[in-house]
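Chain by chain, the residues:
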Amino acid sequence: NSKELYISIEPAEEKEYYPLSPAQKRLYIYHQLVTANTSYNMPYLIPLAGDIGKERLEVVFKTLIARHESLRTSFETVNQEPVQKIHQEVDFTIRHANLLEEDSEQITADLTIPFDLSRAPLMRAHILTFASKPGRQILFIDMHHIITDGTSQGILEKEFALLCSGAQLGPL
């Protein structure tokens, strides 16, 4: 006799707004008190192998954004209560930056800026090139912790790598 080790989670009904989890509520309230803070930004630097191309990377990001509601979520206050809103579509463009030299601490400090939680996506990306290292490219990604955690981040990283390699993703 085999026992089912998990139960399926059914999708929530579609609504205009959804309540925040307790962790999201704490992050939202903190952000309202200290709007210029980057404490909950999650920056990543990823070396790019070869010339993957901005257009291809944008397709990968847009695929992930379409797939995961958290990447299309914004936060606001309605009737004095913080809520999250899932958008059907959001604009996303990768920016490009030419830098003089590669200094990961300086890059992270310069590109990690506060998010406006009312504007999805709460993620940004830059392709970085360096005058001191022609041909070298790094992808800088910054996300706000209110839309991701360690477990979710692992899933996003795996799916990002699969999409970059040309693989198709299975259903959620």
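Look up a bit, the structure's there.
Here the structure is a predicted model, which is why all the values come from computation and not from measurement.

Draft legend 1. Main features of the sheet that holds strand S1 (residues 18–19). Pairing in this open sheet of three strands is antiparallel, and the strands run S1-S4-S3 from one edge to the other. In this open sheet, the two edge strands, each paired with only one partner strand, are S1 and strand S3 (73–78). Bridge analysis of S3 against strand S4 (residues 81–86) gives six bridges, and the strand direction is antiparallel. Of the residues in S4, the one forming a bridge with Thr-77 is Pro-82.

Draft legend 2. Representation of empty space enclosed by the protein. Per the counting criterion, the structure on display carries one cavity of 30 Å³ or more. Computed from the structure, the largest cavity encloses a volume of approximately 50 Å³. For the largest cavity, the full set of lining residues is Leu-27, Tyr-30, His-31, Val-34, Asn-37, Thr-38, Ser-39, Tyr-40, Asn-41 and His-144. Of the residues forming the lining of the largest cavity, the biggest block, three residues, is contributed by helix H1 (residues 22–33). When grouped by side-chain class, the residues that make up the lining of the largest cavity number four nonpolar, six polar and no charged.

Draft legend 3. Spotlight on the packing of aromatic side chains. In this structure the tally under the stated criterion is three aromatic pairs. With a centroid separation of 5.0 Å and an interplanar angle of 35°, the aromatic rings of Phe-61 and Phe-92 are classed as tilted. With Phe-61 in helix H2 (residues 54–67) and Phe-92 in the loop between S4 and strand S5 (95–99), the pair connects residues that are 31 residues apart, well separated along the chain. The two residues Phe-61 and Phe-92 agree in class, both being buried. Taken together, the aromatic side chains of Phe-61, Phe-92 and Phe-160 make up a single cluster linked through ring pairs. Across the ring face of Phe-115, the terminal group of Arg-124 is positioned such that the distance to the ring centre comes to 3.8 Å.

Draft legend 4. Layout of the layout of surface pockets. Its volume calculated, the largest pocket comes out at about 1,300 Å³. Along the wall of the largest pocket there are 38 residues; nearest its centre are His-68, Glu-69, Ser-70, Thr-73 and Ile-86. For the lining of the largest pocket, the elements supplying multiple residues, two or more each, are S1, H1, S3, S4 and helix H4 (150–164). It is H1 that contributes the most residues to the lining of the largest pocket, five residues altogether. Partitioned by chemical class, the residues of the lining of the largest pocket number 16 nonpolar, 11 polar and 11 charged. The space that makes up the second largest pocket amounts to roughly 330 Å³. Looking at the second largest pocket, it is lined by 13 residues, and the ones nearest its centre are Asp-91, Arg-95, Pro-121, Met-123 and Arg-124. Grouping the constituent residues of the lining of the second largest pocket by class yields seven nonpolar, one polar and five charged.

Cut-offs applied
Residues numbered from 1 in each chain as written. Predicted model: local features only at pLDDT ≥ 70, side-chain atom pairs only at ≥ 80, totals over all residues. Heavy atoms only, no water. Pairing = 2+ DSSP bridges. Helix = DSSP H or I, 4+ residues; strand = E, 2+ residues; numbered from the N terminus. 1 Å grid on protein atoms, 1.4 Å probe; cavity = no way out; pocket = protein on both sides within 12 Å on 5 of 7 lines; lining within 4 Å. Points joined across faces, edges and corners; volume = space filled by probe spheres on them. Nonpolar A, V, L, I, M, F, W, Y, C, P; charged D, E, K, R; others polar. Phe/Tyr/Trp six-rings, centres within 6.5 Å; stacked < 30°, edge-to-face > 60°. Buried < 20%, exposed > 50% of the residue type's maximum accessible area, 1.4 Å probe, protein only. Lys NZ or Arg CZ within 6 Å of the ring centre and 35° of its normal.

This is a description of form; function is not addressed.
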